[in-house]
Every structure is written in C-alpha cells, then in structure tokens.
Amino acid sequence: MSNPVGADPAVVGPYLASVLGDERWSRVRVDLIAAGMSNLTYVVTPEGGTEDDAVILRRPPTGAVLATAHDMAREHRVVSALGPTPVPVPRTLHLCTDPAVLGAPFYVMERVVGLHVVDRLPAGYADEPAQRRAVGEGLVDVLADLHAVDHAAVGLGDFGRPEGFMARQVRRWTQQWEATRDRDRPGLDALAARLAETVPTTQRSGIVHGDFRLDNCLLDPDTPGRVRAVLDWEMSTLGDPLADLGMLSVYWPQAGEGSVAGQSTVTALEGFPTRAEVAERYAARTGLDLADLPWYVGFAYFKFAAIVAGIVARSAAGAMAGKNTSGYADRIDPCVERGRAALDDGAI
C-alpha cells in the first residue's frame, strides 16, 4: 500500500525535502508497516531510491484524540536522548509538532535494518542452541544497559515522576480494570488488593521502556546476540526498572511451557535462558537485589490481565470492529493464576 491513510506522499515528500534540505525527498513512496492499536509506522523511500535510502515515520493513529500527539514528542525525546548511550536506538532526524502537516505531530528517524522476530525465528537464523542463548542474553544486556543510563545526564531528568511509581501503576491498572469489568472476577480483585498492600520499596529509579520484549527489538541478521535497535518507546517514562524485568518475564515462556496470554513462545526454544537465568544475568549486570522480583512479575500479570479485560470489554461494546478478539477472555484467568503464584510461591 503506497498511499496509506495518515501519511500522504504528496505532503510527506516536499515536507521532508524542505526540513532535511535534500531535494531527493521531493517525491516519495510511503508504505504502512505497523498498524496495531498503537502508533502508526511507515517506511518512506525517495523515488528511485532503495530500501537502504528509506527512513521511518511515526505518528499517532488517525482519528486519535490529540492528547496522544504528546506521545510523539515524548518518543522522539527519549530516542534522541538515548542516541549517545550504549542502548541501540535509531537516529532521530526530525520532529514535527505542527498538526497542520499530517493532522497530528509525527517524527522521522533512520531505518535500521534488522530481524523482527515475532512468533518464530527465521529459517537459518540462530539454529544452534548456543546462538539462541546469545539472543536471550543479548536482550537482557540491552535492558541492563538501559537501566544503567543516568537519565538526568542525558537530559531526561523531568521525563517522569519516579517517586511512588509502582503504587501509582497498581492504582492506575486497578482503576482500568474496574472501569472495564467484563464480568465478575474475584481472583483479579484479590490480586489487585494484594499488590496494593505489598508494594516494594524502589531500589533505583531510571528510564523504563514500558514494553520491553523480543518483538520490540530488531536483531542483527548476522550476529545472533546483537540487538540492532530497541523500538516502540511510547510507554517509556521514569520509574522502577524492575517493572521492565517483571514484564519481560511475562513475555518469556520457557521450555515445556505454552503461551498463557498469547505471547510468542520463541523463548521456549532449546538454548534460550530460563527466566531464572535471565534474572540472574540481569542482577549481575545491574547490581540490583531481585528478592522482590516475584512481586513485579505478579504486577505484570495483573497489568496484562487488565489490558486484556479492557480489550474484551471494548470488543463486547462493538468498539473493536475488524479486530479478532475471540479467545481473549480465556487469557485472563491464566494470567491471574500466574500472578497469584508469583506472590504466593515466588514463581517467576
């Protein structure tokens, strides 16, 4: 689709030629590559250019309330700030805050070539268990590198409110669940109450990605274990880094496990580190005490359940036309059970 909604080539081309100071961009091809429930991602290629010449454009969904436009400036800001750090991110090229251009603010960044692994490894990539272990360890190391960034030193001192972050997160997702109850779920209510009563003390505040997992990274096609870029920073803020590790655990099925909530099961392949090995490597890299990690895992399953319940409720109200949400309701109870097991048994 080379004339997608939300990024008209006749507008994008001349605008880029002007702001990038390069007439090559006057005529472009625009392809929509990611249209989930979040921000839209397009590949913009100059006419006659190859994919190596292309750039990426990100904007909020069309028809979204303008408040989400704020996300573009935040996303551009955090990706730009992380550019000089060891965290692999695309190089940002331009932020447009004028909604008159495309109907919403947007930003442009370099296109990083890498493997986007969702539910399977490509044939011929990381075929050996040792290579798959390297992929898993590479993800952990990048997360540790992110959490080691001095946020004030890179200009992100006011990027969020780290004080009371986890308590606010529990409140926020409890309110979300209460606002979208699909049906009576006493187990989910009990999990919310227990989490609120047992919020651990934050050891260190830093930049939190908010949704760090395998399929939000681009992997180096030639070197399993090297991450080329971390993407999708729309949830990022300042807070408790262990929130990222807890959520990564939810997205990390291990050998012998299926997916409890629709997650990719790539990490269950032979060679990938177990969740305990992930935690051990992260602790060694960051120096953080992971005694409270089960709480963060319990919270991550609770948040996941609340998100799924919201999707189920919106679907029942007819607000998810065109999206297949069948089976979503069946994912909630397994998440609640995993959350309970984390709090009761220390299961990560």
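The structure displayed is predicted, hence computed values, not measured ones. (Residues numbered from 1 in each chain as written. Predicted model: local features only at pLDDT ≥ 70, side-chain atom pairs only at ≥ 80, totals over all residues. Heavy atoms only, no water.)

Colleague: Explanation requested: the packing of aromatic side chains in the structure shown.
Modeller: The description of two aromatic rings rests on the distance between their centres and on the angle between their planes. Tallying each qualifying case throughout the model produces six aromatic pairs. Residues Tyr15 and Phe106 carry aromatic rings whose centres are separated by 5.6 Å and whose planes lie at 70° to one another, so their mutual orientation is edge-to-face. Taken together, the residues Tyr15 in helix α1 (residues 9-19) and Phe106 in strand β5 (residues 106-110) connect sequence positions 91 residues apart. Residue Tyr15 shares its accessibility class with Phe106, and that shared class is buried. Arranged with centres 5.7 Å apart and planes meeting at 65°, the rings of Tyr251 and Phe304 form a pair that is edge-to-face. Residue Tyr251 is found in the loop between α7 (242-250) and α8 (275-286), and its partner Phe304 is found in helix α9 (residues 293-316); the two are separated by 53 residues along the sequence. (Phe/Tyr/Trp six-rings, centres within 6.5 Å; stacked < 30°, edge-to-face > 60°. Helix = DSSP H or I, 4+ residues; strand = E, 2+ residues; numbered from the N terminus. Buried < 20%, exposed > 50% of the residue type's maximum accessible area, 1.4 Å probe, protein only.)

Colleague: I keep staring at the nonpolar core and nothing clicks. Help me out?
Modeller: Residues Leu82, Trp233 and Tyr282 are the most contacted members of the largest nonpolar core, which totals 80 residues. It is α9 that provides the largest number of residues to this core, a total of 15 residues. Aside from chain neighbours lying at most four places away, what touches Trp233 is Glu75, Val78, Val79, Leu82, Val87, Val89, Leu146 and His209. If you look at the next biggest cluster of nonpolar residues, it comprises 18 residues, including Ala17, Val28, Val55 and Val101. (Core = buried A, V, L, I, M, F, W, Y, C linked by side-chain atoms within 4.5 Å. Contact = heavy atoms within 4.5 Å.)

Colleague: Explanation requested: the packing of α9 against helix α10 (residues 332-345) in the structure shown.
Modeller: The geometry of a pair of packed helices is captured by two quantities: the angle between their axes and the separation between those axes. It is at 8 Å that the axes of α9 and α10 come closest, and there the two elements cross at 165°. When the interaxial angle is binned, α9 and α10 end up roughly antiparallel. Considering only the axes of α9 and α10, their crossing is left-handed. Along its contact with α9, which presents Pro294, Trp295, Val297, Gly298, Tyr301, Phe304, Ala305, Val308, Ala309 and Val312, the element α10 presents Ile332, Cys335, Val336, Arg338, Gly339, Ala342 and Leu343. Considering only residue class, the contact of α9 with α10 consists of 14 nonpolar, two polar and one charged. (Axes fitted to C-alpha atoms, helices over the stretch in contact; angles between N-to-C directions. Parallel < 35°, antiparallel > 145°, perpendicular 65-115°, else oblique. Left-handed = near helix turned anticlockwise from the far one by under 90°. Nonpolar A, V, L, I, M, F, W, Y, C, P; charged D, E, K, R; others polar.)

Colleague: Is there a simple way to explain unusual backbone geometry in this structure?
Modeller: With the exception of glycine, most residues fall at negative phi, and the peptide bonds are largely trans. Despite not being glycine, Ala126 shows a phi value in the positive range, around 50°. If you trace the backbone, Ala126 turns up in the loop between β5 and α4 (129-148). For Ala126, a relative accessible area of 3% corresponds to the buried category. Within the chain, Asp232 stands out as a residue other than glycine whose phi angle is a positive 55°.

Colleague: Looking at this model, I keep getting lost on the packing of helix α6 (residues 186-197) against α9. Mind explaining?
Modeller: As a packed pair, α6 and α9 sit with axes 10 Å apart at the nearest point and diverge in direction by 140°. Taken together, the axis directions place α6 and α9 in an arrangement best described as oblique. Seen along the crossing, α6 lies across α9 with a hand that is left-handed. Seen from α6, the contacting residues are Leu188, Leu191, Ala192 and Leu195; seen from α9, they are Trp295, Gly298, Phe299, Phe302 and Ala305.

Colleague: What is the right way to look at the pattern of salt bridges in this model?
Modeller: Charged atoms that come close allow side chains of opposite charge to pair. Tallied over the entire structure, the rule returns 28 salt bridges. The salt bridge partner of Asp119 is Arg120, with a shortest N-O separation of 3.6 Å. On the basis of relative accessibility, which here comes to 59%, the residue Arg120 falls in the exposed class. Across the pair Arg340 and Asp345 runs a salt bridge whose closest N-O atoms are separated by 4.0 Å. Classification of Asp345 as exposed rests on a relative accessible area of 56%. Where salt bridges share partners, they join Arg133, Glu137, Asp141, Asp145, Glu277, Arg281 and Arg285 into one cluster. (Salt bridge = Lys/Arg side-chain N within 4 Å of Asp/Glu carboxyl O.)

Colleague: Would you explain the environment of Ala342 in this entry?
Modeller: With respect to the secondary-structure elements, Ala342 resides in helix α10. For Ala342, a relative accessible area of 0% puts it in the buried group. A C-alpha to C-alpha distance of 6.4 Å links Ala342 and Val297, two positions 45 residues apart in sequence. Ala342 has contacts with Pro294, Val297, Gly298 and Ala347, leaving out every residue within four places of it along the chain.

Colleague: Got a minute to help me understand α8 in this structure?
Modeller: Helical geometry note: an α-helix holds 3.6 residues per turn, so side chains three or four residues apart project in the same direction. Between its first and last C-alpha, α8 extends 16 Å over twelve residues, near the 16 Å set by a 1.5 Å rise per residue. Residues Arg275, Val278, Ala279, Tyr282 and Thr286 constitute the buried set of α8. The buried residues of α8 all sit within an arc of 95° when viewed along its axis, so they share a single face. Among the exposed residues of α8, those oriented more than 90 degrees off its buried face are Glu280 and Ala284. For α8, the elements touching its buried residues are α4, α7, α9 and α10. Just past α8, the residue Gly287 takes up positive phi, approximately 75°. (Expected span 1.5 Å × (residues − 1). Arc of directions from axis to C-beta.)

Colleague: So what exactly am I meant to see when it comes to α10 here?
Modeller: Under the 1.5 Å per step criterion, the end-to-end length of α10 is 20 Å for 14 residues, consistent within 8% with the ideal 20 Å. Among the residues of α10, Ile332, Cys335, Val336, Gly339, Ala341 and Ala342 are the ones counted as buried. Contacts made by the buried residues of α10 are with α6 and α9. Looking one or two places after α10, you find Gly346, whose phi comes out positive at around 70°.

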